[in-house]
Amino acid sequence: MTGGPIRVLVVEDDPVAADAHVMYVGRVPGFEAVGKVSSGVEARRALERTAVDLLLLDLHLPDVHGLKLARSLRAAGHQADVIAVTSARDLAVVREGVSLGVVQYVLKPFTFATLRDRLVRYAEFHAAAGEASGQDEVDRALAVLRAPGPAALPKGLSAPTLERVTVTLRDAGEGMTATGVAETVGISRITARRYLEHLVEAGHAARRPQYGTVGRPELQYRWVAGRP
């Protein structure tokens, strides 16, 4: 890759997730987070004043759907590619995004390792230049965008249980303790805490201190989910 780092604009209305995404981008060699915004309007303004190669775009923004934003940016002549970040699993949305410059989809919640893999693959695709010698070379250039399989969760965590913990936390609104999550999901408190800490690390939950009541004055924590 030449010409400096790949410049990434994070478009995410959840401040906890936005900070995590900026941090993740900064940890991948060859990439630079040039800003973060929380709405479609702010994204358009940022693109007018800052050179951007790639949008890390949440599809559920407060003022516009991410794909509608991507469509309007294309119409206005902006050529930045898009990695879509979403909790939605509608394959019709995935198909629509292909024509709008969406080169990757990352489903929430995700780990640093998942995003790093997508960014590294995008960097290989972005670096391809010149004229292809034939169909095989075209196929290879496109294949680098396709991950070989789902990124592994930390040892001992499973995707179905992570989904149940995530949904439980979102439904709670004001947050829950590890004990509350454990009872709702049907796992041990220690296991629940591992999943909750994973969500914090991934930028999809925040841990807040909560002091106990009379008779149990020790410091405890509540976990609060970010918005999907």
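Residues numbered from 1 in each chain as written. Predicted model: local features only at pLDDT ≥ 70, side-chain atom pairs only at ≥ 80, totals over all residues. Heavy atoms only, no water.

**Regarding the overall build of the protein chain**
Reasoning step 1: Tallying secondary structure elements over the protein chain gives nine helices and seven strands in all.
Reasoning step 2: When burial is assessed residue by residue, the protein chain has 42% of its 228 residues classed as buried.
Reasoning step 3: Across the protein chain, the fraction of contacts at a sequence separation of at least 24, relative to all contacts at a separation of at least 6, is 62%.
Reasoning step 4: When the accessible surface of the protein chain is totalled, it reaches about 12,000 Å², and 53% of it is carbon and sulfur. (Helix = DSSP H or I, 4+ residues; strand = E, 2+ residues; numbered from the N terminus. Buried < 20%, exposed > 50% of the residue type's maximum accessible area, 1.4 Å probe, protein only. Contact = heavy atoms within 4.5 Å. Areas by Shrake-Rupley, 256 points an atom, 1.4 Å probe, with all protein chains shown as cover.)

**Focus: the pattern of salt bridges**
Reasoning step 1: Summed over the entire model, instances satisfying the criterion amount to eight salt bridges.
Reasoning step 2: Of the charged contacts in the structure, one is a salt bridge between Asp-19 and Lys-36, with a shortest N-O distance of 2.1 Å. Of this pair, Asp-19 sits in helix α1 (residues 15–26) while Lys-36 is found in strand β2 (residues 31–37), placing the two residues 17 residues apart along the sequence.
Reasoning step 3: On the basis of relative accessible area, Lys-36 is assigned to the partly exposed category, the value being 46%.
Reasoning step 4: Here Asp-117 ties to Arg-118 by a salt bridge, and the two come within 3.2 Å at their closest N and O atoms.
Reasoning step 5: Overall, the relative accessible area of 25% leaves Asp-117 in the partly exposed class.
Reasoning step 6: Residues joined by salt bridges that share partners form a network here, namely Glu-12, Asp-58 and Lys-108. (Salt bridge = Lys/Arg side-chain N within 4 Å of Asp/Glu carboxyl O.)

**Details of the pairing of strand β3 (residues 54–58)**
Reasoning step 1: Taking burial as the measure, the five residues of β3 include five buried ones, the bulk of the element.
Reasoning step 2: Covered by surrounding structure in β3 are Leu-54, Leu-56 and Asp-58 together with Leu-55 and Leu-57, the residues of both alternating faces.
Reasoning step 3: When β3 meets strand β4 (residues 81–86), the two strands line up parallel, connected through five bridges. Opposite Leu-54, over in β4, you have Asp-81 as the bridge partner. (Pairing = 2+ DSSP bridges.)

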